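# Per-entry structural report
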Amino acid sequence: VLALVTRDTAPADASIETARVAVAPEATIYRTETGQRSTISLPDGSTAELNTDSLMQVNYSNDRRELVLLKGEAFFDVAKDPERPFVVKADDKVVRAVGTEFAVRMDGDAVRVTLVEGVVDVGRTVEGRFLGGGEEVTLERLVAGEQIVLAANRPGTKNDIDTQIATSWRNGRLVFDNDPLSRVVAEVNRYSARKVVLGDPSLAEMRVSGSFRAGSADGFANNLQAAFPVSVQTDDDRNHLILNWNN
């Protein structure tokens, strides 16, 4: 039985204390709503920052540090403890660290791991089962500045990445560098109840660079309209902002 302990509300772009749900003596679930962020202090001195619309279970004991990302995205600043590796699970993917900084994001059937500092080992559990009981795990090692995307039934894709851009949400900003508008809009919409939609599909490939405040769909649309040949129409019934070419 899940028992709700606390739940706070805040403006869409605010950083708040998450809802916390006790599920077992050693397990606690934390969650954020759309547009909310939260920093969680863990018992060993590590911290976890939950991004918008995220859900995470924390399982700590004297001999293990285990977290399960059930939804969304989190950034981890791991306190060093060689005797207790820090393990984050997301679906059948596993990230192991000792002392480091990294982010894990669930995106559809894919899990994205971004390493900011230190070293982590990333892999999959056998047959989708959680790590434990001597399960074999095929691991790949990341170094700082690398990101890997692991999707179902496909090999992992590893790339060098600008970690400041990838984790800009921690400062309440969304930063883009020559990204297609379709991707930019999808990212902006993660943080806001009001959604930006493309009225003209040909806008999807328009390239966008810039820094925008997370949680402000109106601010994003207004900035876009000022810098590009696009117009914005408001649909209050559906809570949409519709982008079209400015004829």
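For the structure itself, consult the block above.
Starting afresh in each chain, residues are numbered from 1 along the sequence in its written order. Predicted model: local features are reported for residues with pLDDT of at least 70 only, side-chain atom pairs are reported and counted for 80 or more only, and whole-chain, interface and lining totals are derived from all residues. As a rule here, side-chain values come from all non-hydrogen atoms in the structure, and water together with hydrogens is ignored.

Burial status follows relative accessibility: with a 1.4 Å probe on protein chains alone, a residue under 20% of its type maximum counts as buried, one over 50% as exposed, and anything between as partly exposed. Every helix listed is a DSSP run of H or I at least four residues long, and every strand listed is a run of E at least two residues long, numbered separately from the N terminus. Burial of strand β13 (residues 119-125) is extensive: 5 of the 7 residues sit out of reach of the surface. Pairing between strands is defined by DSSP: at least two bridges between the two strands are required. Examined bridge by bridge, strand β10 (residues 93-97) and β13 share 4 bridges and lie antiparallel to one another. Across the sheet, residue K93 finds its bridge partner in β13, namely R124.

Attention now moves to the pairing of strand β9 (residues 86-90). With respect to burial, β9 is a largely interior element, 5 of its 5 residues being buried. Both faces of β9 are covered, namely the face carrying F86, V88 and A90 and the face carrying V87 and K89. Two elements, strand β7 (residues 64-71) and β9, share 4 bridges in a ladder whose sense is parallel. Bridge pairing in β9 links E66 to V87. Alignment of β9 against β10, held across 5 bridges, turns out to be antiparallel. Counted as the bridge partner of V87 is R96 from β10. Where β9 folds back on β10, the antiparallel hairpin that results is connected by 2 residues, among which D91 adopts a positive phi of roughly 55 degrees.

Right, let's get into the side chain of E146. One can find E146 in strand β15 (residues 146-151). Given a relative accessible area of 14%, E146 falls into the buried group. Contact partners of E146, with chain neighbours within four places excluded, come to V113, T114, L115, R141, K158, N159, D160 and I161. Note on contacts: a residue pair is in contact if any heavy atoms of the two residues lie within 4.5 Å.

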